[in-house]
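Descriptive analysis of the structure
Listed here are the chains, written in short residue letters.
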Amino acid sequence: MILTQRLSKRFEEVRSRREAALIGYIMVGEPELSRTIEYVRALESGGVDIVELGVPFTDPIADGPILQGAHARALRQGVSVHTVFQIVRELRKSSELPILLMTYYNPVLKMGEEPFARRCSEAGVDGVIIPDLPMEEATSWVNQARKYGLARVFFVTPETDTERVKKICEYASGFVYLVSRYGTTGPSETLAPTALPLLERVRPLLPEDLKIAVGFGISSRAHIEAVVRAGADGVIVASALTARIAQGASPEVLTAYVRELKTATRISESP
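Quick summary incoming for the structure in this document. (Residues numbered from 1 in each chain as written. Predicted model: local features only at pLDDT ≥ 70, side-chain atom pairs only at ≥ 80, totals over all residues. Heavy atoms only, no water.)

1. Things to note about the overall build of the chain
Cut-off, in case you're wondering: Helical segments are the DSSP runs of H or I of at least four residues, strand segments are the runs of E of at least two, and each set is numbered from the N terminus. As a reference, a globule follows 2.2 Å times the number of residues to the power 0.38, and the radius of gyration itself is taken over C-alpha atoms. Relative accessibility decides the category of a residue: with a 1.4 Å probe and only protein chains considered, values under 20% of the type maximum give buried, values over 50% give exposed, and everything between is partly exposed.
Along the backbone of the chain there are 12 helices and nine strands. Against the globule reference of 18 Å for 271 residues, the chain gives a C-alpha radius of gyration of 17 Å, in line with a compact fold. Along the first, second and third principal axes, the C-alpha atoms of the chain reach 45 × 40 × 35 Å. Per-residue burial for the chain yields a buried fraction of 58% across its 271 residues.

2. Remarks on the pairing of strand S7 (residues 175-179)
As a reminder, the rule being used: Strands pair, by our definition, only if DSSP identifies at least two bridges between them. Seen with its strands pointing away from the viewer, a crossover is right-handed when the path leading from the first strand over the helix to the second is clockwise.
Counting buried positions along S7 yields five of five residues, so the element is predominantly enclosed. As paired elements, strand S6 (residues 155-156) and S7 share two bridges and run parallel to each other. By the bridge assignment, Phe155 is partnered in S7 with Tyr177. Of the crossover connections in this fold, the one passing from S6 over helix H8 (residues 162-171) to the parallel S7 is right-handed. As judged from the five bridges shared by S7 and strand S8 (residues 211-215), these two strands associate in the parallel manner. Each residue of the ladder has a partner; that of Phe175, found in S8, is Lys211.

3. A few points about the pattern of salt bridges
Basically, it comes down to this: We define a salt bridge as a side-chain nitrogen of Lys or Arg found within 4 Å of a carboxyl oxygen belonging to Asp or Glu.
The final tally for this structure, using the stated rule, is 18 salt bridges. One salt bridge connects Glu38 with Arg35, and the closest N-O pair in it is separated by 3.0 Å. Owing to a relative accessible area of 35%, Glu38 belongs among the partly exposed residues under this scheme. Lys93 is the partner of Glu90 in a salt bridge, and the nearest nitrogen-oxygen pair spans 3.0 Å. Given a relative accessible area of 31%, Glu90 falls into the partly exposed group. A single salt-bridge network, built from bridges that share partners, covers Arg6, Arg92, Glu96 and Asp126.

4. Details of the environment of Leu97
Residue position: Leu97 is located in the loop between helix H4 (81-91) and strand S3 (99-102). Residue Leu97 is classed as buried on the basis of its relative accessible area of 2%. Between the C-alpha atoms of Leu97 and Arg41, which are 56 residues apart in sequence, the distance is 9.5 Å.

5. Describing the nonpolar core
Note the following rule: Here, the term nonpolar core denotes a set of buried Ala, Val, Leu, Ile, Met, Phe, Trp, Tyr and Cys residues that are joined through side-chain atoms within 4.5 Å. Residue contacts follow a heavy-atom distance rule, with two residues in contact if any of their heavy atoms lie within 4.5 Å.
Counting residues in hydrophobic clusters, the biggest one holds 95 residues, and the most contacted among them are Leu53, Leu101, Phe116, Trp141, Phe175 and Tyr177. Once residues within four sequence positions are removed from consideration, Leu101 is found in contact with Leu53, Val55, Val84, Phe85, Val88, Phe116, Cys120, Val125, Gly127, Val128 and Ile129.

6. Comments concerning unusual backbone geometry
As a rule of thumb, non-glycine residues mostly have phi less than zero, and peptide bonds are mostly trans rather than cis. Each neighbour pair has its own omega, and for Glu30 with Pro31 the value is -15 degrees, a cis peptide bond. Of note, Pro31 is situated in the loop between strand S1 (21-27) and helix H2 (36-46). Unlike most non-glycine residues, Phe216 shows phi in positive territory, near 75 degrees. Examined against the element boundaries, Phe216 turns out to sit in the loop between S8 and helix H10 (221-229).

7. Regarding helix H7 (residues 139-147)
Spelled out, the test is: Starting at the helix axis, one direction is taken to each C-beta atom, and the arc is that of these directions.
Inspection of H7 places Trp141, Val142, Gln144 and Ala145 among the buried residues, and these make up the whole buried set. Seen along its axis, H7 keeps its buried residues to an arc of 165 degrees; they face one direction. Here the buried face of H7 lies against helix H5 (105-111), helix H6 (113-123), strand S4 (127-129), strand S5 (151-153) and H8.

8. With respect to the sheet that holds S5
Basically, it comes down to this: Only the contacting stretch of a helix is used when fitting its axis, a line to C-alpha atoms as for every element, and angles between N-to-C directions run 0 to 180 degrees.
Strand order in the open sheet formed by nine strands is S5-S4-S3-S2-S1-S9-S8-S7-S6, and the pairing between neighbours is parallel. In the strand order of this sheet, the two ends are held by S5 and S6, each with one partner. Relative to strand S9 (residues 234-237), S8 is paired through two bridges, and the arrangement is parallel. Note that in S9 the partner of Val214 across the bridge is Val235. With respect to the sheet, H2 is in contact with S1 and strand S2 (50-54), its orientation differing from that of S1 by roughly 165 degrees.

In C-alpha cells:
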C-alpha cells in the first residue's frame with residue numbers, strides 16, 4: 001500500500017460514518033520511552049483515527065510551554081529521530097493506524113531530505129509535518145516526500161491570504177493543518193474567535209481530495225463540535241493530551257478522555 005493511501009482511506013472511513021477524524025499527538029518518549037507504545041495504543045483504543053508522533057527538538061518555536069516540556073523530557077532520555085523510526089516499526093507490527101511525524105526541519109536537514117523520506121517510508125510513516133519549513137523553501141522536500149509516498153502537511157494561519165492558500169494546495173497532500181489562532185500551541189478554555197471564520201474562508205479553496213484539520217487550542221467536546229459543524233474534516237488535539245500524560249494519567253484515563261472527545265466528532269450529533 002502506498003503510504004498516503006492509508007491516510008486518505010482513514011479519512012474516507014470516518015466520513016462514511018459521518019464523523020470527522022480525531023488526530024491525537026504524543027511525543028516519543030512520553031511518559032517514558034519504554035511506555036510510549038503503550039500510550040499510543042491507549043489513544044487508538046479510545047478512538048484516535050490518526051496519530052502524530054513528536055520528534056523532539058531543542059528549539060520548538062511553534063510550541064507552547066506544555067509541548068516544550070515534552071520536547072525537553074524526550075531529549076533528556078536521548079530520544080532521537082532514529083528512536084522515532086524504531087517506535088514506528090514496532091507499532092506497525094500490530095497497527096494500521098495512520099502515523100504522521102511532527103518534526104522541525106533541523107533533524108530532516110541533518111539526516112538529509114532523501115534519507116529522511118526513505119527512512120520514513122521504510123518504517124511505515126504516512127506523512128510528515130514540518131512547522132518551520134516555509135512553502136518557499138519546501139520544493140526539494142516535497143519532491144522527496146512525493147517520491148516516497150509521504151503526505152505533505154502544510155499550515156494555514158489566520159494571516160495566510162487567499163493566493164498563498166491556493167499555492168499551499170499545490171504542495172500539500174493528505175490534509176492542510178489549519179492553525180485556529182495566533183501564537184503557539186496550548187489548550188484553551190474557549191475556541192479562538194479566528195477559528196471558524198478561517199475555516200469558512202479556506203474550505204472552498206481546497207481541492208476535493210485535500211482535507212482540512214483544525215488544531216491549536218482544541219481540547220474539549222465543545223471545541224470539536226464547533227469546528228466539525230463548520231466543516232472540518234479533522235481535529236487535532238496535542239497539548240491537552242500531553243498535559244494529561246505529564247500529570248500522570250494512566251493509559252486507561254487517557255483512553256476515556258479520547259473516547260469522550262471522539263463522540264464530539266460525530267457529524268449527525270452536532271447541534
